[in-house]
Amino acid sequence: MPTRKRTLGDLEGATRLVWKALKRAAQLLEDKDPQVALRAAHAVFQGATAYAKLHEVQELRGRVEELEAMVIELRRAV
């Protein structure tokens, strides 16, 4: 079992956890109990928002790393 630090300590781990929770909540949308289904819908909406933000942060991080590498190359060329 992964440790808490490794699971929540990086964006990839957090993204995997949110995705896993989204899949579980999506399964509960079909529950016969309307309260469970309603709570699952709420969880899906919240999880989707968190997942989108995590994905955006990962994308932005990649762009920043590319820009940093370009700056290093430009400094070497000068």
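Residues numbered from 1 in each chain as written. Predicted model: local features only at pLDDT ≥ 70, side-chain atom pairs only at ≥ 80, totals over all residues. Heavy atoms only, no water.

Some thoughts on the overall build of the chain
Scanning the chain from N- to C-terminus turns up three helices and zero strands. Going residue by residue from the N terminus, the α and β elements of the chain occur as α-α-α. Expressed as a percentage of contacts within the chain between residues at least 6 apart in sequence, the contacts between residues at least 24 apart total 51%. When the accessible surface of the chain is summed, it comes to about 6,800 Å², and 61% of that surface belongs to carbon and sulfur atoms. (Helix = DSSP H or I, 4+ residues; strand = E, 2+ residues; numbered from the N terminus. Contact = heavy atoms within 4.5 Å. Areas by Shrake-Rupley, 256 points an atom, 1.4 Å probe, with all protein chains shown as cover.)

As for the side chain of T15
On the secondary structure map, T15 appears in helix 2 (residues 11–28). Using a relative accessible area of 10% as the deciding quantity, one classes T15 as buried. The contact partners of T15, leaving out residues within four places of it in the chain, are Y51, L54 and Q58. (Buried < 20%, exposed > 50% of the residue type's maximum accessible area, 1.4 Å probe, protein only.)

Considering the nonpolar core
Of all hydrophobic cores here, the largest spans seven residues; its members are L11, A14, V18, L22, A25, V44 and L54. Of all the secondary-structure elements, those providing two or more residues to this core are helix 2 and helix 3 (34–77). Ranked by residues supplied to this core, first place goes to helix 2 with five residues. (Core = buried A, V, L, I, M, F, W, Y, C linked by side-chain atoms within 4.5 Å.)

Notes on the pattern of salt bridges
Applying the stated rule across the entire model yields three salt bridges. Two residues, R61 and E12, come together in a salt bridge whose shortest N-O distance is 2.5 Å. Taken together, the residues span a long stretch of sequence, with R61 in helix 3 and E12 in helix 2 at a distance of 49 residues. A salt bridge links E73 to R76; its shortest N-O distance comes to 3.1 Å. Taken as a pair, E73 and R76 lie in helix 3 at a separation of three residues, close to a single helical turn. Relative accessible area serves as the criterion here: at 46%, E73 is assigned to the partly exposed category. You can call R76 exposed: its relative accessible area is 63%. (Salt bridge = Lys/Arg side-chain N within 4 Å of Asp/Glu carboxyl O.)

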